[in-house]
Amino acid sequence: MKIAITGATGFIGEKLVDKLAVKHQIVIFTRNIEKAKSAFKASLLSNLEFVSYTPKQAGEWQKKIDGCDAVINLAGAPIAERWTTDYKREILESRQLGTRMIVEAISQGENKPKVLINASAIGYYGTSETETYTEISPAGNDFLAEVCQSWENEAQKVTSEGVRLVIFRLGIVLGNGGALAKMIPPFKIFAGGPIGSGKQWFSWVHIDDVVNMIENALTSDNIEGTFNATAPYPVTMNQLCETLGNVLKRPSWLPVPSIALELLLGDGAKVVLEGQKVLPQKTQEVMNYDFQYSNLKSALEDIVRR
């Protein structure tokens, strides 16, 4: 297959390209070609094509979508930053306008891709310590929920072009990088512990499972619609930190007060401090996905071992 990917140099994107480029031709859309080239193994470069693009603006880059068999859209500004008014706009527009430009490119092409796989997030549901969410749960009404709705609404427009659409609402992805990379160092110096109350839900997923889900969706014509990319057994923040401490053979004893995170991230701290319990009901029952890592301890042991 010839597969176009945005967000290829991100945490998930790099792992995905490493796997797909062994079998497929990958077209990587990036704002910095030299930086993108340095992110991948030299042995894979013969299967990679790099295209310079402006995610939120139409341009010549859109013509490169024509002739691709599939598009995987993972691009979006990082969430774990201080949410100023300007940055909140960037969080929204990088997803809303970025996806709009991708769909526009698909609609203009003569040889349209068969499938668009678009990222979203479990922020779609809002936050709660008591509710349990599945793919049929309604959207929340906070900032991230509104971002995810706008993001998904832009992606949905591709179905009018006869293109199969798969949306993955991503949980907190665990791997060598991302959220876990920020949590492990304090534990290693015996200063690890839960963030905030510790009672908030942490709906996690191993990065290998995310990559496998995307790969399955590429080649299975019957996979269509919206799926939660979260492991079947979410945990609380207390449980996460206790398990991480056990795996690292370190105590989980020094809580990080909410105010410390709020000072660092402002409104962005909401993602970590409030959380939500999300189950992959449709992912298991409709997609028939069999999780490689459904248990948190085995997932963390694998990541720490690597």
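Every chain begins its residue count from 1, and numbering advances along the sequence as written. With pLDDT at 70 or above as the cut-off, local features in this predicted model cover only qualifying residues; side-chain atom pairs require 80 or more to be listed or tallied, and sums for whole chains, interfaces and linings still use all residues. As a rule here, side-chain values cover all heavy atoms of the structure and leave hydrogens and water aside.

Turning our eyes to something else, we now look at the overall build of the protein chain. Note on conventions: DSSP H or I runs of at least 4 residues are helices, E runs of at least 2 residues are strands, and numbering of each starts at the N terminus. A count of helices and strands for the protein chain gives eleven helices and 13 strands. For this measure, only C-alpha atoms enter the radius of gyration; the expected value for a globule follows 2.2 Å times N^0.38, where N is the number of residues. For 306 residues, the compact-globule formula gives about 19 Å, and the C-alpha radius of gyration of the protein chain, at 19 Å, lands near that figure. For the protein chain, the C-alpha atoms occupy an extent of roughly 60 × 45 × 40 Å along the three principal directions. Here's how the labels work: a residue is buried when its accessible area is under 20% of the maximum for its type, exposed when over 50%, partly exposed in between, all with a 1.4 Å probe on protein chains only. Burial analysis of the protein chain (306 residues in total) assigns 52% to the buried set. Across the protein chain, contacts joining residues at least 24 apart in sequence account for 77% of those joining residues at least 6 apart. For the protein chain, the accessible surface area stands at approximately 13,900 Å², while carbon and sulfur atoms represent 50% of it. Of note, the protein chain has its 32 positive side-chain charges centred 5 Å away from the centre of its 34 negative side-chain charges. Residue contacts follow a heavy-atom distance rule, with two residues in contact if any of their heavy atoms lie within 4.5 Å. With residues, only the protein chains shown are counted as cover, and all accessible areas are computed by Shrake-Rupley using a 1.4 Å probe. Charged-residue counts in this description rest on Lys and Arg as positive and Asp and Glu as negative, His and the chain ends being excluded. Note that the charge is assigned to NZ on lysines, CZ on arginines, CG on aspartates and CD on glutamates.

A word on the environment of Val 71. Looking at where Val 71 falls in the secondary structure, it is placed in strand β4 (residues 70–73). Its relative accessible area of 1% is what places Val 71 among the buried residues. Remark: the alpha-carbon pair of Val 71 and Lys 114, spanning 43 residues in sequence, is separated by 8.5 Å.

Next up on the list: helix α11 (residues 296–305). For α11, the full list of buried residues reads Leu 296, Ala 299, Leu 300, Asp 302 and Ile 303. One side of α11 carries all its buried residues, which in axial view fall inside an arc of 160°. Those residues of α11 that are buried are in contact with β8 (172–175), α5 (178–188), β10 (204–206), β12 (235–236) and α7 (237–248). Arc, as used here, means the arc of the directions from the helix axis to the C-beta atoms.

Another aspect to go through is the nonpolar core. Ile 5, Val 17, Ile 26, Leu 48, Ile 72, Ile 117 and Phe 168 are the most contacted members of the largest nonpolar core, which totals 46 residues. With near-sequence residues (within four places) excluded, Leu 48 lies in contact with Val 17, Ala 21, Gln 25, Ile 26, Ile 28 and Phe 40. As used in this record, nonpolar core signifies buried Ala, Val, Leu, Ile, Met, Phe, Trp, Tyr and Cys residues forming a set joined through side-chain atoms within 4.5 Å. Core analysis: the second largest hydrophobic core is formed by 25 residues, Val 247, Leu 296, Ala 299 and Ile 303 among them.

Read across the open sheet, the seven strands follow the order β3-β2-β1-β4-β5-β7-β11; overall the sheet is parallel. Looking at which strands have only one partner, the edges of the open sheet turn out to be β3 (48–52) and β11 (225–229). Averaged over all neighbouring strand pairs, the angle between strand axes comes to 20°, with direction disregarded. Summarising the sheet, strand β5 (residues 115–121) and strand β7 (residues 164–170) pair through seven bridges and their orientation is parallel. Along β7, the bridge assignment pairs Leu 116 with Leu 165. Contacts from helix α4 (residues 143–156) reach β5, β7 and β11, with the element oriented near 175° to β5. Packing of helix α6 (residues 207–219) onto the sheet brings it into contact with β1 (2–6), β4, β5, β7 and β11, and relative to β7 it is tilted by some 170°. One requirement defines pairing of two strands: DSSP has to find at least two bridges between them. Whenever a helix is involved, its axis is fitted only over the stretch in contact; in every case the axis is a line through C-alpha atoms, and angles between N-to-C directions fall within 0 to 180 degrees.

So, on to the packing of α5 against α7. Direction vectors running N to C along α5 and α7 enclose 60°, while the axes themselves pass 11 Å from each other. Taken together, the axis directions place α5 and α7 in an arrangement best described as oblique. Once α5 is placed against α7, the crossing between them reads as right-handed. Contacts between α5 and α7 involve Leu 180, Met 183, Ile 184 and Phe 187 on the former and, on the latter, Met 237, Leu 240, Cys 241, Leu 244, Gly 245 and Leu 248. Side-chain classes are defined by residue name, with Ala, Val, Leu, Ile, Met, Phe, Trp, Tyr, Cys and Pro counting as nonpolar, Asp, Glu, Lys and Arg as charged, and the others, Gly among them, as polar. When the residues that make up the contact of α5 with α7 are grouped by side-chain class, the tally is nine nonpolar, one polar and no charged. For classification purposes, an angle smaller than 35 degrees is called roughly parallel, one larger than 145 roughly antiparallel, one from 65 to 115 roughly perpendicular, and anything else oblique. Rotating anticlockwise by less than a right angle from the far helix to the near helix defines a left-handed crossing, while the corresponding clockwise rotation defines a right-handed one.

Mapped onto the secondary structure, Val 147 falls in helix α4. Look at Val 147 and you get buried, because its relative accessible area is 3%. Excluding residues within four positions of it along the chain, Val 147 makes contact with Ile 91, Leu 92 and Arg 95.

Once that is clear, we can look at the pattern of salt bridges. Only one rule defines a salt bridge in this text: a Lys or Arg side-chain nitrogen within 4 Å of an Asp or Glu carboxyl oxygen. Counted under the stated rule, the structure contains 16 salt bridges. One salt bridge in this structure joins Lys 19 and Glu 215, with 3.1 Å as the shortest N-O distance. You can see Lys 19 sitting in helix α1 (residues 11–20) and its partner Glu 215 sitting in helix α6, a full 196 residues away along the chain. In this structure Glu 215 comes out as buried when scored by relative accessible area, which is 16%. With a closest N to O distance of 3.1 Å, Lys 157 and Glu 154 form a salt bridge. Overall, the relative accessible area of 45% leaves Lys 157 in the partly exposed class.

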